[in-house]
Amino acid sequence: MIAIRDKRVIQIEVTNVCEHECTNCSRFVGHYRNTYFMKLEQVEKAIDSLHDFTGGIGIMGGEPLAHPDFLEICHLMKRMVSPEKRHLWTSGYNWSEYRKVVRKTFGENVHFNSHKDTTQKHHPMLLSISDIIDDKALISRLVDDCWVNRRWSASINPKGSFFCEIAAAMDVLF
């Protein structure tokens, strides 16, 4: 497993609200009893906790542009994070309203998940590996070389910090 300090990006998941309800959503949108919008104080504390982190700092959700304090989050990012380290993941919700501030805050580090790309694949995160694979040695190798851990980020949400985005989303769900 990749240590959190060695990740390329750590995400701050400012909300679990999203306008989409995709099948097998890696954030479990549509399955939450309670949705959240991180308080600005929590966002600021999360950013501050990453002061010495050498990788990128991402704002993510759900859909971060749906956060009622999104403009203030952008101000925090500009004040606290150097420009080359700022990242945003969005589906483009309210893009016409926020495009200018997003570009001023995140530059070219805006990553779109438009949900229109049919080659993108999400898999059923709630399916247990032991329901599919019987070989315990193979399970161990696959867990140690988890594709999510290799390709995705560590995350911070209102419940704390997590080694991967899926673990963060599962903790909120359960």
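Structure first, text after, so check above.
## A closer look at the overall build of the chain
Helix and strand counts for the chain stand at six helices and six strands. A globule of 174 residues ought to have a C-alpha radius of gyration of about 16 Å, and the chain, at 16 Å, matches this closely. The C-alpha extent of the chain, read off along each of the three principal axes, is 50 × 35 × 30 Å. By sequence separation, contacts in the chain at least 24 residues apart represent 69% of the contacts at least 6 residues apart. About 10,100 Å² of surface is accessible on the chain, with carbon and sulfur atoms providing 50% of the total. If you average the places of the 22 positive and of the 22 negative side-chain charges in the chain, the two averages end up 3 Å apart.

## Considering the packing of helix H1 (residues 40–49) against helix H2 (residues 70–80)
Closest axis-to-axis distance for the H1/H2 pair is 10 Å, and the angle between their directions is 25 degrees. Classified by the interaxial angle, the pair formed by H1 and H2 is roughly parallel. H2 is crossed by H1, and the crossing has right-handed handedness. Counted together, Leu40, Val43, Glu44, Ile47 and Asp48 of H1 and Glu72, Ile73, Leu76, Met77, Arg79 and Met80 of H2 form the full contact between these two elements.

## Things to note about the pairing of strand S3 (residues 86–90)
Across the five residues that make up S3, a large majority, five, are buried. With H2 bridging strand S2 (residues 56–60) and its parallel neighbour S3, the resulting β-α-β unit is right-handed. When S3 meets strand S4 (residues 110–112), the two strands line up parallel, connected through three bridges. Bridge pairing in S4 links Trp89 to His111. After leaving S3, the chain enters helix H3 (residues 95–106) and then returns to the sheet as S4, a path that is right-handed.

## Looking at empty space enclosed by the protein
Within this structure, the stated rule accounts for one cavity of 30 Å³ or more. In this structure, the largest cavity spans a volume of roughly 30 Å³. What lines the largest cavity is Glu13, Asn16, Arg27, Tyr32, Tyr36, Asn157, Ala168, Ala169 and Val172. Among the elements that line the lining of the largest cavity, the one with the most residues is helix H6 (residues 165–173), at three residues. For the lining of the largest cavity, a count of residues per class yields five nonpolar, two polar and two charged.

## Examining the packing of aromatic side chains
For the structure shown, the criterion picks out two aromatic pairs. With centroids separated by 5.1 Å and ring planes inclined at 70 degrees, the aromatic side chains of Phe70 and Tyr98 adopt a geometry described as edge-to-face. With Phe70 in helix H2 and Tyr98 in helix H3, this pair connects stretches of sequence that are 28 residues apart. When its relative accessible area of 0% is taken as the criterion, Phe70 is described as buried. An angle of 75 degrees between the planes, with centres 5.0 Å apart, marks the rings of Trp95 and Phe112 as edge-to-face. Here Trp95, found in helix H3, pairs with Phe112, found in strand S4; they are 17 residues apart in sequence, far enough to count as distant. Here Phe112 falls in the partly exposed class, since its relative accessible area comes to 40%.

Reading guide: rules and limits
- Residues numbered from 1 in each chain as written.
- Predicted model: local features only at pLDDT ≥ 70, side-chain atom pairs only at ≥ 80, totals over all residues.
- Heavy atoms only, no water.
- Helix = DSSP H or I, 4+ residues; strand = E, 2+ residues; numbered from the N terminus.
- Rg over C-alpha atoms; globule rule 2.2 N^0.38 Å.
- Contact = heavy atoms within 4.5 Å.
- Areas by Shrake-Rupley, 256 points an atom, 1.4 Å probe, with all protein chains shown as cover.
- Lys, Arg positive; Asp, Glu negative; His and termini not counted.
- Charge placed at Lys NZ, Arg CZ, Asp CG, Glu CD.
- Axes fitted to C-alpha atoms, helices over the stretch in contact; angles between N-to-C directions.
- Parallel < 35°, antiparallel > 145°, perpendicular 65-115°, else oblique.
- Left-handed = near helix turned anticlockwise from the far one by under 90°.
- Buried < 20%, exposed > 50% of the residue type's maximum accessible area, 1.4 Å probe, protein only.
- Right-handed = clockwise from strand over helix to strand, strands pointing away.
- Pairing = 2+ DSSP bridges.
- 1 Å grid on protein atoms, 1.4 Å probe; cavity = no way out; pocket = protein on both sides within 12 Å on 5 of 7 lines; lining within 4 Å.
- Points joined across faces, edges and corners; volume = space filled by probe spheres on them.
- Nonpolar A, V, L, I, M, F, W, Y, C, P; charged D, E, K, R; others polar.
- Phe/Tyr/Trp six-rings, centres within 6.5 Å; stacked < 30°, edge-to-face > 60°.

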